[in-house]
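Here are the chains, one letter per residue:
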Amino acid sequence: MCLAIPAEVTELLGDDMARVMIDGVGKVISVALIEDLKVGDFVIIHVGYALTKIDPEEARRTLDILAELGDVQAERVS
Amino acid sequence: MSSKAFRRKLDIRNGRVDLSHGSGGRAMAHLIAEVFHDSFSNEWLARGNDQAAFDVAAGRMVMTTDGYVISPLFFPGGNIGSLAVHGTINDVAMAGARPLYLSASFIIEEGFALADLKKIADAMGAAAREAGVPIVTGDTKVVERGKADGVFISTTGVGVVAAGLDLSAEKARVGDRVLVSGTLGDHGIAVMSVRENMTFETDLMSDSAALHELVAAMVEAGGAGIRVMRDPTRGGLAATLNELAQQSRVGFRIEEEAIPVRPAVAAACELLGLDPLNVANEGKLVAIVAPEAACDLLTAMRAHPLGRDAVDIGQVVEDDHRFVQMTTSFGGGRIVDWLSGEQLPRIC
Amino acid sequence: MKYVDEYRDGNVARVLADVIASAVEESRSYRFMEFCGGHTHAISRYGLEDLLPNNIRMIHGPGCPVCVLPAGRIDMAILLAERPNVTLCVYGDLMRVPGSQGSSLLRAKARGADVRMVYSTRDATRIAEQDPNREEEFFAIGFETTTPPTPPAIRLAGKKQLTNFTIFCNHVLTPPAIQNILESPDIRDLGRVEIDGFIGPAHVSTVIGTRPYEFFAEEFGKPVVISGFEPLDVMQSILMLVRQVNDDRHDVENQYIRAVTRDGNLRAKTEVADIFELRDQFEWRGLGLVPYSGLRLKKAYAAFDAERRFEMPEISAADNPACECGAILRGVKKPVDCKLFGTVCTPETPMGSCMVSSEGACAAHWTYGRFRDMEQRRAS
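Conventions used here
Residues numbered from 1 in each chain as written. Chains lettered and ligands numbered in written order. Predicted model: local features only at pLDDT ≥ 70, side-chain atom pairs only at ≥ 80, totals over all residues. Helix = DSSP H or I, 4+ residues; strand = E, 2+ residues; numbered from the N terminus. Rg over C-alpha atoms; globule rule 2.2 N^0.38 Å. Buried ≥ 20, exposed ≤ 12 C-beta atoms within 10 Å, placed from the backbone. Contact = placed C-beta atoms within 7 Å. Pairing = 2+ DSSP bridges. Axes fitted to C-alpha atoms, helices over the stretch in contact; angles between N-to-C directions. Nonpolar A, V, L, I, M, F, W, Y, C, P; charged D, E, K, R; others polar. pLDDT = per-residue confidence, 0-100. Core = buried A, V, L, I, M, F, W, Y, C linked by C-beta atoms within 7 Å. Parallel < 35°, antiparallel > 145°, perpendicular 65-115°, else oblique. Left-handed = near helix turned anticlockwise from the far one by under 90°. Domains from an automatic or database assignment.

Caption draft 1: Seen up close, the overall build of chain C. From N to C terminus, chain C includes 16 helices and 13 strands. Taking 380 residues into account, the globule formula puts the C-alpha radius of gyration at 21 Å, and chain C, at 21 Å, falls close to it. If one aligns the C-alpha atoms of chain C with their principal axes, the spans along those axes are about 65 × 45 × 45 Å. Taking all 380 residues of chain C together, the buried fraction comes to 58%.

Given below as structure tokens:
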């Protein structure tokens with residue numbers, strides 16, 4: 001449900017619109033629901049609107065936690 | 001019939017097709033000469049008959065027919081015309097046959113722009129010339145506004161297949177390998193990118209191409225080991241494998257990791273909620289081959305520009321339910337099913 | 001794809017599977033409901049259930065706004081679309097949802113109704129602007145994720161002074177539905193389905209935040225983990241739920257920290273609160289009438305409200321009596337328990353919404369899980 005995908009903001013256009021890119025596919029979407037947006041930010045887009053920004057630090061933290069789990073598990077097994 | 005027979009040239013730039021162009025009179029002859037004969041230009045059409053005569057080569061004849069009703073008519077990488085030529089050639093080639101001649105019949109909507117018709121005809125002529133498969137006969141009809149989506153094209157292709165080569169849908173056997181000639185989903189996504197209300201920006205082009213020379217290379221490298229070939233057009237790879245599973249009374253087990261999909265196609269599919277396995281291809285083939293022939297066939301495919309990304313994606317298995325099963329990148333399993341109806345973009 | 005591929009790493013998945021297997025207590029049973037179809041989809045598409053230990057059972061919840069839309073509302077939309085001079089704009093998912101008597105928007109389109117698929121509400125306003133002589137309706141559906149895109153379209157229509165643009169509003173709210181499930185007799189009193197924890201919706205939560213779930217966790221004593229949609233997100237969330245259950249905790253935890261905060265998207269929430277108000281009750285397919293779970297336009301925006309602009313008598317259509325969508329949506333029954341599954345009801349000929357939407361429990365099972373049933377039957 002709520003098919004939404006992370007995309008990079010590549011251009012801020014006027015009128016609450018922006019161009020975003022995912023792996024070479026571009027789309028012009030509305031950023032009317034987001035505050036303080038900069039080129040280079042990543043947003044989650046759903047039905048042509050950005051719903052929220054992705055926090056790169058928290059994204060990194062999740063991956064670190066997952067990696068840690070792996071290390072702990074490896075120790076447990078060995 | 002040269003255009004010197006007509007007093008005034010057709011206004012290709014601004015003119016429109018009207019009912020007189022389909023009524024068999026001078027206007028129709030004019031249209032045919034200046035648009036179709038001009039774009040297709042070959043010795044058969046130059047003779048101006050309602051039919052084309054040619055010698056029949058030795059071997060079994062192969063014949064196919066197709067209808068093209070796509071919308072939009074123009075898309076990145078081609079149009080309905082080039083698609084029609086490639087598609088028909090491919091249907092013949094999938095039998096392992098050498099395509100020889102094409103026919104093309106046009107049903108044109110009243111009011112259709114002559115400029116667009118010429119663009120389509122030019123693309124067909126170019127595709128036919130490049131493939132070495134001429135369009136030797138055709139027909140033209142015009143219907144009232146609203147009765148055709150711009151233009152419908154119907155084609156027939158004939159070819160010849162070598163004696164002893166009998167590729168057919170019921171021939172897949174347990175243990176056979178499944179080869180695909182390249183990346184999946186390019187055509188469907190390229191068309192979707194220009195569809196009204198769904199547009200997105202991409203460099204992606206349709207993969208529409210004539211595959212007969214790739215097929216010829218495969219037949220030479222190991223024709224005896226090829227059971228069946230099919231091009232995964234509407235419905236994508238999923239439809240093709242499910243059809244073959246039913247027709248050969250087998251199942252398939254394929255590897256998700258092996259299936260080649262361009263990143264832009266994957267991204268567009270994510271954006272719209274589509275599955276690349278269900279998306280149409282117009283320049284790719286699926287070949288079910290004997291396991292001992294797979295290696296040589298892949299080498300031959302990869303040596304050809306249209307088969308550079310060819311890969312073995314899995315095998316034929318025994319399965320009373322005729323399922324196409326796929327091992328996901330996670331090692332879990334899922335079924336790849338036919339779609340019911342056209343795949344629609346989703347929000348959910 | 002950045003922020004996607006990293007969370008689809010098969011190697012990490014196998015490690016996580018081991019960790020989960022080590023974490024579960026052998027004698028214990030864990031039943032988790034994923035509320036959101038996106039999670040159902042991820043579980044099915046990646047075959048995650050194959051990676052989980054046998055004592056974890058995933059129960060598929062209401063899934064998606066398409067699944068829970070009552071047939072009557074589809075009938076109303078079809079009637080609207082069949083009026084002369086009306087263009088109905090819809091998201092693709094709605095085209096094949098069955099109304100009563102086997103109708104659908106796709107079939108209505110075949111009969112001549114002007115039904116058009118759009119990607120965004122902006123496309124809908126553009127269509128209204130392009131043809132001022134036609135009435136243009138937008139069939140608005142969705143949970144809290146899909147609701148915020150509707151107000152900007154209404155504002156734009158106001159700014160451009162479009163008098164031919166209206167919304168047929170079917171936006172619904174997630175927390176009341178969760179509450180309804182938890183309070184249903186099957187779960188609360190009869191103990192037919194024990195739910196030990198919830199995997200909370202990903203993108204609904206980017207809008208509403210994690211705060212609204214704190215009530216359930218407290219009131220019903222069930223842990224909730226808000227999870228991203230990628231398979232590693234789902235697996236990590238399952239691990240977090242397992243640990244909570246083991247520790248007898250019932251907290252709201254956020255796994256989807258890269259996109260979800262406690263308060264959510266304030267701007268989106270404000271937009272929605274400006275334009276919409278709560279209906280007293282709204283019918284949900286399979287759940288019946290749920291109080292304060294649906295939205296409608298405020299009086300100030302009546303000009304954009306299709307139900308006020310047109311005479312649209314409320315249609316309440318009963319489902320096929322043999323259709324088990326209701327029980328399936330509540331997690332009480334599985335798709336294979338429904339007599340219609342796979343025989344009368346298939347993706348080609350869906351009887352209920354669970355089969356229409358690819359997020360629905362039945363469609364997901366048909367597409368991905370059918371062969372497991374066959375194997376199990378063969379084994380037994």
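Caption draft 2: Up close: the overall build of chain A. A count of helical and extended segments in chain A gives one helix and five strands. Start at the N end of chain A and walk to the C end: the helices and strands fall as β-β-β-β-β-α. In terms of overall size, chain A is more extended than a compact globule, its C-alpha atoms giving a radius of gyration of 17 Å where 78 residues would be expected to give roughly 12 Å. Considered along the principal axes of its C-alpha atoms, chain A spans approximately 60 × 25 × 25 Å. Of all intrachain contacts in chain A linking residues separated by at least 6 positions in sequence, the fraction that spans at least 24 positions is 30%.

Caption draft 3: Region of interest: the sheet that holds strand β6 (residues 151-161) of chain B. Residues and elements named next belong to chain B. The strand order across the open sheet built from four strands is β1-β6-β4-β5, with neighbouring strands paired in mixed fashion. Either end of the sheet is taken by a strand with one partner, and the two such strands are β1 (60-68) and β5 (135-143). Averaged over all adjacent pairs, the angle separating strand axes in this sheet is 15 degrees, with direction ignored. In this sheet, β5 lies alongside strand β4 (residues 98-109) in parallel orientation, the contact comprising eight bridges. Along β5, the bridge assignment pairs I108 with V142. With respect to the sheet, helix α3 (residues 80-93) is in contact with β1, β4 and β6, its orientation differing from that of β6 by roughly 30 degrees.

Caption draft 4: Representation of the interface of chain C and chain B in the model. Contacts between the two partners involve 37 residues from chain C and, on the opposite side, 22 residues from chain B. Within the residue set of the side of chain C that touches chain B, elements represented by two or more residues are α1 (10-23), α2 (37-45), β4 (114-117) and α16 (361-379) of chain C. The greatest single-element share of the side of chain C that touches chain B, amounting to five residues, is contributed by α16(C). A breakdown of the residues in the side of chain C that touches chain B according to their chemical character gives 18 nonpolar, nine polar and ten charged.

Caption draft 5: Representation of the confidence of the model for chain C. Residue and element names in this part refer to chain C. On average, residues of chain C score 89 in pLDDT, and 95% of them are at 70 or above. Predicted confidence in chain C is weakest over helix α8 (residues 185-188), with a mean pLDDT of 66, and strongest over strand β9 (residues 252-254), with 98. Taken over the whole predicted complex, pTM reads 0.90, whereas the ipTM for its chain interfaces reads 0.94.

Caption draft 6: View of the nonpolar core. Within the largest apolar cluster, 260 residues are counted, with the highest numbers of intra-cluster contacts made by M124(B) and V151(B). The biggest single contributor to this core is helix α11 (residues 231-246) of chain C, with nine residues. The contact partners of M124(B), leaving out residues within four places of it in the chain, are S39(B), F40(B), G81(B), S82(B), A84(B), V85(B), A104(B) and I135(B).

Caption draft 7: Quick peek at the interface of chain C and chain A. The interface of chain C with chain A comprises 40 residues on the first partner and 31 residues on the second. Counting residues per element, the ones that place at least two in the side of chain C that touches chain A are α1, α2, α9 (203-208), α11 and α12 (266-275) of chain C. Among the elements that make up the side of chain C that touches chain A, the one with the highest residue count is α1(C) (six residues). The class makeup of the residues in the side of chain C that touches chain A is 21 nonpolar, eleven polar and eight charged.

Caption draft 8: Quick peek at the packing of helix α1 (residues 26-40) of chain B against helix α4 (residues 114-131) of chain B. All names here are of chain B. One can describe the packing of α1 onto α4 by two numbers: an axis separation of 7 Å at closest approach and a directional angle of 20 degrees. Classified by the interaxial angle, the pair formed by α1 and α4 is roughly parallel. Between α1 and α4 the crossing geometry is right-handed. Facing V35, F36, S39 and F40 of α1, the residues of α4 in contact are L117, K118, A121, D122, M124, G125 and A128. For the contact of α1 with α4, the class distribution of residues is seven nonpolar, two polar and two charged.

Caption draft 9: Seen up close, the sheet that holds strand β8 (residues 226-230) of chain B. Residues and elements named next belong to chain B. Taken together, seven strands build an open sheet; the order of strands is β8-β10-β7-β11-β9-β12-β13 and the sheet is mixed. Only two strands of the sheet have a single partner each, and these edge strands are β8 and β13 (333-335). Going from strand to strand, the sheet's axes swing by 25 degrees on average, the running direction of each strand aside. This element, helix α9 (residues 294-302), spans β7 (177-180), β10 (286-289) and β11 (311-317) of the sheet and lies at about 0 degrees to β7.

Caption draft 10: Looking closely at the pairing of strand β12 (residues 324-327) of chain B. All names here are of chain B. Of the two faces of β12, the one holding V324 and M326 is buried and the one holding Q325 and T327 is not buried anywhere. Where strand β9 (residues 251-255) and β12 come together, four bridges link them in parallel fashion. Across the sheet, the residue bridging to F252 is V324, located in β12. In terms of strand pairing, β12 meets β13 through three bridges, oriented antiparallel. Pairing of T327 across the sheet is with G333, part of β13. In this structure, the hairpin formed by β12 and β13 is closed by a connection of five residues, where G331 is found at a positive phi of approximately 85 degrees.

Caption draft 11: Structural context of helix α8 (residues 263-272) of chain B. Among the ten residues of α8(B), eight are classified as buried, and the element is accordingly described as predominantly covered. Within the sequence span of α8(B), burial applies to A264(B), V265(B), A267(B), A268(B), C269(B), E270(B), L271(B) and L272(B). Contact partners of the buried residues in α8(B): β1 (5-13), β2 (17-22) and β3 (25-30) of chain A together with α5 (186-192) of chain B.

Caption draft 12: Examining the domain arrangement of chain C more closely. Residues and elements named next belong to chain C. In terms of domains, chain C is made up of domain 1 (5-64 + 185-254), domain 2 (71-171 + 265-309) and domain 3 (325-368). On a C-alpha basis, the centres of domain 2 and domain 3 stand 26 Å from each other. Residue composition of the side of domain 2 that touches domain 3, grouped by class: three nonpolar, one polar and three charged.

Caption draft 13: How the structure looks around the confidence of the model for chain A. The pLDDT averaged across chain A works out to 92; a share of 99% of its residues lies at or above 70. Within chain A, the element-level pLDDT minimum falls on helix α1 (residues 56-77) of chain A, averaging 90, and the maximum on strand β5 (residues 49-53) of chain A, averaging 97.

Caption draft 14: Region of interest: unusual backbone geometry. The step from S71(B) to P72(B) runs through a cis peptide bond, and the omega angle for that step is 0 degrees. Tracing the backbone through its elements, the reader meets P72(B) in the loop between β1 and β2 (74-75). Of note in this structure, Q161(C) is not a glycine but carries a positive phi near 55 degrees. Looking at the element boundaries, Q161(C) is found in the loop between α6 (150-159) and β6 (165-171). The phi dihedral of D248(C) is positive, around 55 degrees, even though this residue is not glycine. Following the sequence through the fold, D248(C) ends up in the loop between α11 and β9.

Caption draft 15: Structural context of the environment of R195(B). Positionally, R195(B) belongs in the loop between α5 and α6 (212-222). C-alpha separation for the pair R195(B) and R334(B), spaced 139 residues apart in sequence, amounts to 31 Å.

Caption draft 16: Quick peek at the packing of α1(A) against α1(C). Look at α1(A) against α1(C): their axes get within 9 Å of each other, and the N-to-C directions meet at 60 degrees. Comparing their axes, α1(C) and α1(A) come out oblique. Here α1(A) runs over α1(C); the crossing is left-handed. Contacts from L66(A), L69(A), G70(A), Q73(A) and R76(A) of α1(A) reach α1(C) at V12(C), V15(C), L16(C), D18(C), V19(C) and S22(C). Looking at the contact of α1(A) with α1(C), its residues break down into six nonpolar, three polar and two charged.

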